[in-house]
Amino acid sequence: MTDKEQKIVENIDKEIERIDNSQSNVYFFVLDTKGVPDGSVEYIYKLAKILSDNGKNVTMLYQENLIDKKDDKGVIVKDENGNNLKEDPFVGVEKWLGKEYSELPHVNTISTNINVKSSDILFIPELFASVMKETRKFPCERIVIAQNYNFIAESMPLGDQWGDYGIIKAIVPTQTNADLIKDLFPYVSTTVIDPYLDDLSSKTEELPECLVNVVSKNEEDMHRVIKPFYWKYPMFKWITFRELRNLPQNEFIDSLKKAAFTLWIDDDDNFALTPLQAMNAGAIVIGKVPDILPEWLVEKKENGSLNVKKCGYWFSDLKEAPIALANVIKDWITDNIPSEIGKAQYDAWNSYNDKGRTTKEIYDYVNKIFDDHKKTLLEIKNQIVNKNENKYKTSIR
């Protein structure tokens, strides 16, 4: 066996030992939302927390350029040599997701190098096309977390695709996402890892107030609904709209509980987390049907067509929103909300109230990645060993 082959075998043995002793690392790249709640980031953190709680070595990775440190008066702080002191501007998720998530290990890959081994796993959000390219020579398994179909085209440079960066695996929150990705990149293997929703929005004994919570990605869309509503229905000028934006998770949930209605507008949310949370809180959802229908919102008819479930008051165009709002408020005031809406809302939310299912899916998925990698390493080692054994047998004949 040559020195090079001997070195390869030794490295293989080390990597196999890391896998066997649960020393391999699982890295998750995340976007710093600067304290703003984000369902896509929450999904990633929940998967990471599950793996960490079950004995995996999890580290959250982010990219932030260091900035000049300033004192309370805004003056740049200098060190003893007169150089500007630097600080990391990363905010993280503690204010809106909680300390249990913010305490996961975090590393800024711009200011700190990470030594990635072949037995590690690196998860990359679909938005991070630059990271896919930068890491294409990494020895480890790299897997895309694809939650938003629109972000794929927005982030990739013209003429490039995942395969150019060596990406052939992805995990997704719904089968709809999996089908869309398969249509774009047939060579990518997709696995559905179901999200789970914490039962934070459980109903209270207090009656909700007759006000409308508004969760809208674009403030302009919100105004395009509320102003025409007041113009068309002046008898409802006493109705209050409350925008839920940039709130910590606990305040957001409390707000959902206290209002009778939640108006939701977000065409880019492929999973539609907020409506489910509002339903769990006991609120009636008035929402714009998103461009890509989440699976929990549709039911397939015998002829194969898809119908939007009656778990809320849905509209397909913002022009229809004012009348949808007026109808649901009238029904609520007169106690004429259809009973099937309440049942449909419970069924929709309850289909994702299973942390155990999500835990098993992501844990089994990661373990299979490790097992497959170990199998590949053993095959390479056996090829080297067998080749040298055959050489030895030939030489003594």
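Refer to the preceding data block for the structure.
Just so it is clear, the model here is predicted, and its values are computed rather than measured.

A. Quick look at the sheet that holds strand β13 (residues 284-288). Spatially, the five strands line up as an open sheet ordered β11-β10-β12-β13-β16, and their pairing is parallel. Looking along the sheet, the strands with just one partner apiece sit at the ends: β11 (240-243) and β16 (313-315). The average undirected angle you get between the axes of adjacent strands in this sheet is 20°. Where β13 and β16 come together, three bridges link them in parallel fashion. The residue bridging K288 from the neighbouring strand is F315, located in β16. Where helix α8 (residues 249-258) meets the sheet, its contacts fall on β10 (209-216), β11 and β12 (259-265), and the angle it forms with β12 comes to roughly 120°. Running over the sheet, helix α10 (residues 321-333) touches β10, β11, β12, β13 and β16 and is turned about 170° from β16.

B. Structural detail: the layout of surface pockets. Looking at the largest pocket, its volume works out to about 1,200 Å³. In terms of lining residues, the largest pocket is bounded by 48 residues, among which P37, D38, G39, S40 and D266 are the most central. Sorting the residues of the lining of the largest pocket by element identifies α2 (39-53), β10, α8, β12 and α9 (273-280) as the ones contributing at least two each. Counting residues per element, the lining of the largest pocket draws most heavily on α2, which supplies eight residues.

C. View of the sheet that holds strand β8 (residues 169-172). Pairing is parallel across the open sheet formed by seven strands, whose spatial order is β5-β2-β1-β6-β7-β8-β9. Each end of this open sheet is capped by a strand with a single partner; those strands are β5 (106-108) and β9 (189-192). Averaged over all pairs of adjacent strands, the angle between strand axes in this sheet comes to 25°, irrespective of strand direction. Pairing between strand β7 (residues 141-145) and β8: two bridges, direction parallel. Bridged to V144 within β8 is A170. Across the sheet, helix α6 (residues 175-184) touches β8 and β9, and the angle it forms with β9 is around 175°.

D. Molecular detail of the packing of aromatic side chains. Within this structure, the stated rule accounts for 13 aromatic pairs. On the numbers, 3.9 Å between centres and 20° between planes, the contact of Y62 with F90 is stacked. Here the residue Y62 occupies a position in strand β2 (residues 57-62), and F90 occupies one in the loop between β4 (86-87) and α3 (99-102), the gap between them amounting to 28 residues. Given the relative accessible area of 7%, Y62 is considered buried. A centroid spacing of 4.9 Å and a plane angle of 35° characterise the contact between W162 and F185, whose relative ring orientation is tilted. Of this pair, W162 sits in the loop between α5 (149-155) and β8 while F185 is found in the loop between α6 and β9, placing the two residues 23 residues apart along the sequence.

E. Geometry of α10. If you check α10, its first and last C-alpha atoms are 18 Å apart, about what 13 residues at 1.5 Å a residue would give, namely 18 Å. For α10, the complete set of buried residues consists of A321, P322, A324, L325, A326, V328 and I329. Close packing links the buried residues of α10 with β10, α7 (219-232), β11, β12, β13 and β16. Taken from the residues just after α10, D335 is the one with a positive phi, measuring 60°.

So, how was this worked out
- Residues numbered from 1 in each chain as written.
- Predicted model: local features only at pLDDT ≥ 70, side-chain atom pairs only at ≥ 80, totals over all residues.
- Heavy atoms only, no water.
- Pairing = 2+ DSSP bridges.
- Helix = DSSP H or I, 4+ residues; strand = E, 2+ residues; numbered from the N terminus.
- Axes fitted to C-alpha atoms, helices over the stretch in contact; angles between N-to-C directions.
- Contact = heavy atoms within 4.5 Å.
- 1 Å grid on protein atoms, 1.4 Å probe; cavity = no way out; pocket = protein on both sides within 12 Å on 5 of 7 lines; lining within 4 Å.
- Points joined across faces, edges and corners; volume = space filled by probe spheres on them.
- Phe/Tyr/Trp six-rings, centres within 6.5 Å; stacked < 30°, edge-to-face > 60°.
- Buried < 20%, exposed > 50% of the residue type's maximum accessible area, 1.4 Å probe, protein only.
- Expected span 1.5 Å × (residues − 1).

The quantities given are spatial measurements derived from coordinates; they are silent on function.
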